[in-house]
Structures are given as structure tokens and as C-alpha cells.
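Here's the letter readout for the chains.
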Amino acid sequence: MATWQCVTSCGACCYLAPNERPDLDQYLSPDQLALYLSLVGANGWCIHYDPHDRRCTIYDQRPDFCRVTATTFEVMFNIDPSELNEFAIDCCQEHIDDIYGEDSPEMQRFNQAVGWTT
Ligand code: SF4
Ligand code: SF4
């Protein structure tokens, strides 16, 4: 079975442009939404994203909605903890597809890391 993990030098989920995520108000509280919007830079990427190293510069202090945990996903998406793995893999694949493409090295690297086979 595939097991979710984040891979280094990806960062696809740090592209926060709200037009790419029209349902934000469906799963973020008003306070979270305000925080989310405050993070969006002029180019659509999070202001805390380092594009050179493709990493979060506030990783230990990143907001709850950036964290893949059973609790955050249950609260935000009503995902049962037993479904977290599959749901998180699907989320990452969507972000990676949007940013780098479905046949990109980033997608291949992610799929290999999580043990995804089609
Ligand atoms: S899209 Fe997934 S693998 Fe890529 S940085 Fe975000 S959590 Fe990590
Ligand atoms: S706070 Fe960090 S993990 Fe969250 S979107 Fe910004 S760069 Fe990415």
C-alpha cells in the first residue's frame, strides 16, 4: 500500500493563489482564511516559500492548514483518519500536477517515495 510522505525539493502545495483554490472558505475558518490570504505573495506563492531551495522558511511555525495530520484533515476536510493516507497522496498529486505536470520528475519522485503504482 502507498504511504504518504512529503518529499524534499517539491513545494507544490506552497503555491497559494486563491483562484486555484476556490473552495478555501469551505474548509478554513474565517481566522484561518485571513491568515492564508496574508501569506499569498504577488506571484501567487507563499511569502514564506524559498523558491531556490523549494522549502518552507518557517517550517516549525507553519500554520495548521499546512500540516498533514489526522486532526487537521479531519477538521478541514471531514476526512476519517483511516482515509488520511489516500486523501493526502491525492492532494499532493493534484498540486504537483498543477505546478510541475503529471509526467514531471517531481511527480515521479513523489510517486516513487510513497510507493504509488497505478
Ligand atoms: S505537494 Fe506534497 S510532497 Fe510536495 S511539498 Fe507539498 S506536501 Fe510535500
Ligand atoms: S507556510 Fe510554509 S508550508 Fe505553508 S504554504 Fe507557506 S511555505 Fe508552504
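Residues numbered from 1 in each chain as written. Chains lettered and ligands numbered in written order. Predicted model: local features only at pLDDT ≥ 70, side-chain atom pairs only at ≥ 80, totals over all residues.

Peer 1: Looking at this structure, I do not really get the overall build of the protein chain. What am I missing?
Peer 2: Within the protein chain one finds 5 helices and 2 strands. In sequence order, the secondary structure elements of the protein chain are arranged as α-α-β-β-α-α-α. The C-alpha radius of gyration of the protein chain comes to 14 Å, within 12% of the 13 Å expected for a compact globule of 118 residues. (Helix = DSSP H or I, 4+ residues; strand = E, 2+ residues; numbered from the N terminus. Rg over C-alpha atoms; globule rule 2.2 N^0.38 Å.)

Peer 1: Explain the site of ligand 1 to me, please; I cannot follow it from the model alone.
Peer 2: By nearness alone, every residue bordering ligand 1 is listed as Cys 6, Val 7, Cys 10, Gly 11, Ala 12, Cys 13, Cys 92, His 95, Ile 96 and Phe 110. Here the shell around ligand 1 takes 3 residues from helix α4 (residues 84–100), the largest share from any one element. Among the residues making up the shell around ligand 1, the classes are represented as 8 nonpolar, 2 polar and no charged. (Near = placed C-beta within 6 Å. Nonpolar A, V, L, I, M, F, W, Y, C, P; charged D, E, K, R; others polar.)

Peer 1: Quick question: what am I supposed to make of the site of ligand 2 here?
Peer 2: Taken together, Cys 14, Leu 16, Leu 39, Cys 46, His 48, Tyr 49, Cys 56, Ile 58, Arg 62 and Cys 66 make up the full set of residues adjacent to ligand 2. Of the residues that constitute the shell around ligand 2, the class distribution is 8 nonpolar, 1 polar and 1 charged.

Peer 1: Is there a simple way to think about the nonpolar core in this case?
Peer 2: Most often, soluble globular proteins have nonpolar side chains that are buried together. Grouped together as the largest cluster of nonpolar side chains are 9 residues: Cys 10, Ala 12, Phe 73, Ala 88, Cys 92, Ile 96, Met 107, Phe 110 and Val 114. Elements supplying a minimum of two residues to this core: α4 and α5 (105–114). Sequence-distant contacts of Ala 88, that is, excluding residues within four places in its chain, are made with Trp 4, Val 68 and Phe 73. (Core = buried A, V, L, I, M, F, W, Y, C linked by C-beta atoms within 7 Å. Buried ≥ 20, exposed ≤ 12 C-beta atoms within 10 Å, placed from the backbone. Contact = placed C-beta atoms within 7 Å.)

Peer 1: Please explain the packing of helix α3 (residues 70–77) against α4 as it appears in this structure.
Peer 2: Packed helices, taken two at a time, are described by the angle between their axes plus the distance between the axes. Relative orientation of the contacting elements α3 and α4 amounts to 75 degrees, with a least axis distance of 11 Å. On the basis of their axis angle, the class for α3 and α4 is roughly perpendicular. Residues Ala 70, Phe 73 and Phe 77 of α3 form the contact with α4, whose participating residues are Leu 84, Phe 87 and Ala 88. (Axes fitted to C-alpha atoms, helices over the stretch in contact; angles between N-to-C directions. Parallel < 35°, antiparallel > 145°, perpendicular 65-115°, else oblique.)

Peer 1: Looking at this model, I keep getting lost on the packing of α4 against α5. Mind explaining?
Peer 2: Two numbers describe how α4 lies on α5: the axes approach to 9 Å, and their chain directions differ by 165 degrees. Of the possible angle classes, the one that applies to α4 and α5 is roughly antiparallel. For the crossing formed where α4 meets α5, the hand is right-handed. Residues Ile 89, Cys 92, Ile 96, Asp 97 and Tyr 100 of α4 form the contact with α5, whose participating residues are Glu 106, Met 107, Phe 110 and Val 114. Split into classes, the residues belonging to the contact of α4 with α5 amount to 7 nonpolar, no polar and 2 charged. (Left-handed = near helix turned anticlockwise from the far one by under 90°.)

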